[in-house]
Amino acid sequence: MSKTHHQRLLIIDFGSQVTQLIARRLRELDVYCEIHPYQTVDDAFLTRFAPQAVVLSGGPASVLDEGSPRAPDAVFELGVPVLGICYGQQVMMQQLGGAVERGDGTAEFGRAYVTPADRALPLLEGWFSEGREQVWMSHGDHVKTLAPGFEVFGTSPGAPFAITADPARRFYAVQFHPEVHHTPGGRQIYANFLALAGFTGDWTMGAYRDEAIAKIRETVGDAKVICGLSGGVDSSVAAVLIHEAIGDQLTCVFVDHGLLREGEATEVVGMFRDNYNIPLIHADESDRFLSALDGVSDPEQKRKTIGRLFIDVFQHHAGDVGGAKFLAQGTLYPDVIESVSFSGGPSVTIKSHHNVGGLPEKMGLKLVEPLRELFKDEVRELGRELGLPASFIGRHPFPGPGLAIRCPGEITPEKLAILRRADAVYLDQIRQHGLYDDIWQAFVAILPVRTVGVMGDARTYDYACALRAVTSVDGMTADYYPFSHAFLGETATRIINEVPGINRVTYDITSKPPGTIEWE
């Protein structure tokens with residue numbers, strides 16, 4: 001739980017896939033909020049957290065099932081505004097004296113339209129100017145009987161109580177999801193709710209910067225800190241923020257594992273040595289990593305091997321720093337949220353995340369994670385506050401395992417060389433066409449197959465590659481970027497002509513989900 005002195009809103013999570021979007025919408029409105037699973041929120045928690053308002057998220061359960069999630073009764077006794085969303089609405093009704101029934105043919109999934117009742121509600125200020133509002137529904141059950149004190153303020157074909165409220169107690173409930181893009185007026189709902197709760201919008205990156213620096217100094221004292229620097233936005237912002245707080249007590253370690261993009265090491269090391277004068281160890285460990293990965297084709301084994309070697313490298317270089325007591329990491333808030341299983345049981349592992357999570361315990365170090373309360377876009381904003389070059393703030397994400405997970409199958413020096421060159425040509429194309437800032441992430445994956453081709457009247461038998469480019473806000477969901485066929489054709493021609501070893505180019509149009517952004 002954060003010790004921030006900002007006004008705070010609590011989001012109680014019942015397991016919705018889009019709960020993070022609620023937090024993002026509220027942060028965009030300059031309000032600090034935290035997501036906590038319903039199991040962890042009890043009376044003592046509520047007293048410590050002291051929220052100025054509460055949002056009850058959606059979720060996959062049915063309130064009619066035995067043992068289904070509930071909100072603590074104390075939430076409704078705090079005297080603060082409460083907003084229930086989808087399952088959150090049904091929980092409110094069930095706990096406050098209303099009733100919910102199963103859908104039985106009246107379920108709504110996807111786009112729907114809500115029409116207003118004949119009474120005004122401050123929560124709906126700015127809505128229904130055109131008579132109805134598009135919303136995004138995802139529910140089977142629906143409210144059958146309103147709890148005492150509640151009235152209807154909006155209906156849809158499948159939800160006769162699509163918008164309900166008890167204005168006297170400032171309890172509000174909607175059956176749809178205002179946090180998703182498909183509810184165009186959803187931001188206004190949240191803005192109105194925050195106004196009703198008296199939020200003044202005191203969550204800014206300028207204020208966060210000052211608070212974070214003070215907290216780092218208090219935590220670290222006069223001890224030394226080492227920071228694993230990858231050159232990505234997260235670790236770069238974390239390093240500059242910590243350096244601003246404690247100066248030469250910080251030493252960064254940049255590990256070149258032989259899996260970086262073309263020119264990556266030179267660019268990262270140059271920026272930090274030329275612009276920030278931060279003590280920096282440039283550890284060229286490419287031989288060690290590539291030797292350990294020789295013959296490894298399983299993606300999980302690749303990630304775990306790389307993670308283990310990072311631990312070995314940090315252990316070795318921690319001795320060079322001498323007396324370091326803290327390890328700095330660029331952990332973000334989505335990482336924190338995802339580390340807590342909603343169900344209280346083990347979550348499905350899609351893929352191991354490369355970080356140095358096991359390092360502090362092995363080295364006897366304590367963690368410093370100054371970005372653990374921030375989303376990705378907030379980290380970029382903090383980077384601007386700290387004066388990082390725009391070229392670094394706007395860099396596409398690059399995974400810790402690097403090109404290893406863009407090279408399905410066995411990793412060889414030959415394939416890495418081909419991949420680096422193809423990736424450089426592809427990104428150059430994107431920049432030349434002015435598309436780089438429109439894309440969240442773009443890269444080339446070299447495929448573990450060879451294909452027959454014809455070049456200069458001769459037969460070729462070379463690798464195929466896949467181009468990947470996605471749009472996203474935070475990497476949690478993503479869609480492929482809609483390049484023109486002219487761009488794709490031009491890019492394919494350049495890669496085939498300029499990159500020996502590739503004779504076929506494809507474009508990956510898979511969204512996330514069902515795919516992931518990276519190939520492994």
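All values reported here derive from a predicted model rather than from experimental measurement.

Draft legend 1. Structural context of the overall build of the protein. In terms of regular secondary structure, the protein is built from 15 helices and 20 strands. For 520 residues, the compact-globule estimate of 2.2 N^0.38 gives 24 Å, and the C-alpha radius of gyration of the protein, at 26 Å, lies within 12% of that figure. Considered along the principal axes of its C-alpha atoms, the protein spans approximately 75 × 65 × 40 Å. Counting only residues that meet the buried cut, the protein has 56% of its 520 residues in that class. Expressed as a percentage of contacts within the protein between residues at least 6 apart in sequence, the contacts between residues at least 24 apart total 77%. When the accessible surface of the protein is summed, it comes to about 22100 Å², and 49% of that surface belongs to carbon and sulfur atoms. If the 46 positive side-chain charges of the protein are averaged to one point and the 66 negative ones to another, these points end up 3 Å apart.

Draft legend 2. Examining the pattern of salt bridges more closely. Applying the stated criterion across every chain yields a total of 23 salt bridges. Among the salt bridges present, the one from arginine 372 reaches glutamate 369, with a minimum N-O distance of 2.5 Å. Residue class for glutamate 369 comes out buried when judged on its relative accessible area of 18%. Taken together, the salt bridges that share partners define one network made up of Arg24, Arg25, Glu28, Arg187 and Asp377.

Draft legend 3. Seen up close, the confidence of the model for the protein. For the protein, the mean per-residue pLDDT works out to 87, and 92% of the residues sit at or above 70. Under a pLDDT of 50 for its full length, residues 341-354 has, in the predicted model, 27 contacts with residues more than four places off or in other chains.

Draft legend 4. Fine view of the sheet that holds strand β12 (residues 224-229). Read from one edge of the open sheet, five strands run β14-β13-β12-β15-β16, paired in parallel fashion. Each edge of the sheet is formed by a strand with only one pairing partner; in this case those strands are β14 (280-284) and β16 (366-368). Geometrically, the sheet is characterised by an average inter-axis angle of 30 degrees between neighbouring strands, direction not taken into account. In this structure, β12 lies alongside strand β15 (residues 324-328), joined through four bridges in parallel fashion. Within β15, the position partnered with isoleucine 226 by the bridge is leucine 327. Across the sheet, helix α7 (residues 264-275) is in contact with β12, β13 (250-256) and β14; its angle to β14 comes to roughly 165 degrees.

Draft legend 5. A look at a negative patch on the surface. A cluster of acidic side chains, namely Asp42, Asp43, Asp73 and Glu77, defines a negative patch on the protein surface. By the secondary structure assignment, aspartate 43 is in helix α2 (residues 43-49).

Draft legend 6. Representation of helix α14 (residues 413-432). Here α14 is 20 residues long and its end C-alpha atoms lie 29 Å apart, about the 28 Å a rise of 1.5 Å per residue gives. Listed as buried for α14 are Lys415, Leu416, Ile418, Leu419, Ala422, Asp423, Val425, Tyr426, Leu427, Gln429 and Ile430. Buried positions along α14 lie against α8 (286-293), β17 (441-455), β18 (458-471), α15 (485-498) and β20 (502-507). Just downstream of α14, glycine 434 is the residue with a positive phi angle, here 70 degrees.

Draft legend 7. Broad picture of the environment of glycine 400. Looking at where glycine 400 falls in the secondary structure, it is placed in the loop between α13 (390-393) and α14. Judged by its relative accessible area of 28%, glycine 400 falls in the partly exposed class.

Draft legend 8. Summary view of the packing of α14 against α15. The geometry of α14 relative to α15 is characterised by a closest axis approach of 10 Å and an angle of 145 degrees between their N-to-C directions. Crossing angle aside, the handedness with which α14 passes α15 is right-handed. From α14, Arg421, Ala422, Val425, Tyr426, Asp428, Gln429, Ile430 and Gln432 reach across to α15, where they touch Phe487, Glu490, Thr491, Arg494, Ile495 and Glu498. Among the residues forming the contact of α14 with α15, the class breakdown is six nonpolar, three polar and five charged.

Draft legend 9. Molecular detail of the side chain of arginine 395. Looking at the secondary structure, you find arginine 395 in the loop between α13 and α14. Sequence-distant contacts of arginine 395, that is, excluding residues within four places in its chain, are made with Gly231, Gly232, Val233, Arg261, Glu264, Glu267, Val268, Arg380 and Tyr436.

Draft legend 10. Structural view of the environment of serine 484. Structurally, serine 484 is set in the loop between β19 (479-480) and α15. Accessibility expressed as a relative area gives 40% for serine 484, which makes it partly exposed. Here the alpha-carbon distance between serine 484 and glutamate 28, two residues 456 residues apart in the chain, equals 32 Å. A distance of 3.0 Å separates a polar atom in the side chain of serine 484 from the backbone nitrogen of phenylalanine 487.

Draft legend 11. Highlighting the pairing of β14. In this sheet, β14 lies alongside β13 in parallel orientation, the contact comprising five bridges. In the sheet register, aspartate 256 faces β14, and the bridge partner there is aspartate 284. Chirality of the crossover, the property in question, places the unit of β13, α7 and β14 among those that are right-handed.

Draft legend 12. Representation of the nonpolar core in the model. Residues Phe272, Leu371, Leu382, Tyr426, Ile430 and Phe483 are the most contacted members of the largest nonpolar core, which totals 94 residues. It is helix α6 (residues 233-246) that provides the largest number of residues to this core, a total of nine residues. Counting residues in each nonpolar core, the second largest holds 40 residues, with Ala23, Ile35, Phe176 and Tyr333 among its members.

Draft legend 13. Focus on the packing of aromatic side chains. On inspection of all chains with the given rule, the structure shows 17 aromatic pairs. Seen from their ring centres, tryptophan 127 and phenylalanine 176 are 5.7 Å apart, and the 20 degrees between their planes marks the pair as stacked. Of the two residues, tryptophan 127 is situated in the loop between β6 (108-116) and β7 (133-139) and phenylalanine 176 in the loop between β11 (171-174) and α4 (186-196); the sequence distance between them amounts to 49 residues. Residue class for tryptophan 127 comes out buried when judged on its relative accessible area of 8%. Ring geometry for phenylalanine 483 versus phenylalanine 487: centroids 4.3 Å apart, planes at 15 degrees, classification stacked. Across the pair, phenylalanine 487 and phenylalanine 483 agree in class, each one buried. Here a set of aromatic residues connected by ring pairs shows up, and it is made of Tyr426, Tyr480, Tyr481, Phe483, Phe487 and Tyr507. Arginine 8 extends its terminal NZ or CZ atom over the ring of phenylalanine 49, reaching a point 4.3 Å from the ring centre. One Lys or Arg, arginine 119, reaches over the ring of phenylalanine 153 and ends 5.7 Å from the middle of that ring.

What counts, and where the lines are drawn
- Residues numbered from 1 in each chain as written.
- Predicted model: local features only at pLDDT ≥ 70, side-chain atom pairs only at ≥ 80, totals over all residues.
- Heavy atoms only, no water.
- Helix = DSSP H or I, 4+ residues; strand = E, 2+ residues; numbered from the N terminus.
- Rg over C-alpha atoms; globule rule 2.2 N^0.38 Å.
- Buried < 20%, exposed > 50% of the residue type's maximum accessible area, 1.4 Å probe, protein only.
- Contact = heavy atoms within 4.5 Å.
- Areas by Shrake-Rupley, 256 points an atom, 1.4 Å probe, with all protein chains shown as cover.
- Lys, Arg positive; Asp, Glu negative; His and termini not counted.
- Charge placed at Lys NZ, Arg CZ, Asp CG, Glu CD.
- Salt bridge = Lys/Arg side-chain N within 4 Å of Asp/Glu carboxyl O.
- pLDDT = per-residue confidence, 0-100.
- Pairing = 2+ DSSP bridges.
- Axes fitted to C-alpha atoms, helices over the stretch in contact; angles between N-to-C directions.
- Patch = residues over 30% accessible without salt bridge, like charges linked within 9 Å, V, L, I, M, F, W, Y side chains within 5 Å.
- Expected span 1.5 Å × (residues − 1).
- Left-handed = near helix turned anticlockwise from the far one by under 90°.
- Nonpolar A, V, L, I, M, F, W, Y, C, P; charged D, E, K, R; others polar.
- Polar contact = N/O pair within 3.5 Å; in protein donor to acceptor, adjacent residues only side chain to side chain.
- Right-handed = clockwise from strand over helix to strand, strands pointing away.
- Core = buried A, V, L, I, M, F, W, Y, C linked by side-chain atoms within 4.5 Å.
- Phe/Tyr/Trp six-rings, centres within 6.5 Å; stacked < 30°, edge-to-face > 60°.
- Lys NZ or Arg CZ within 6 Å of the ring centre and 35° of its normal.

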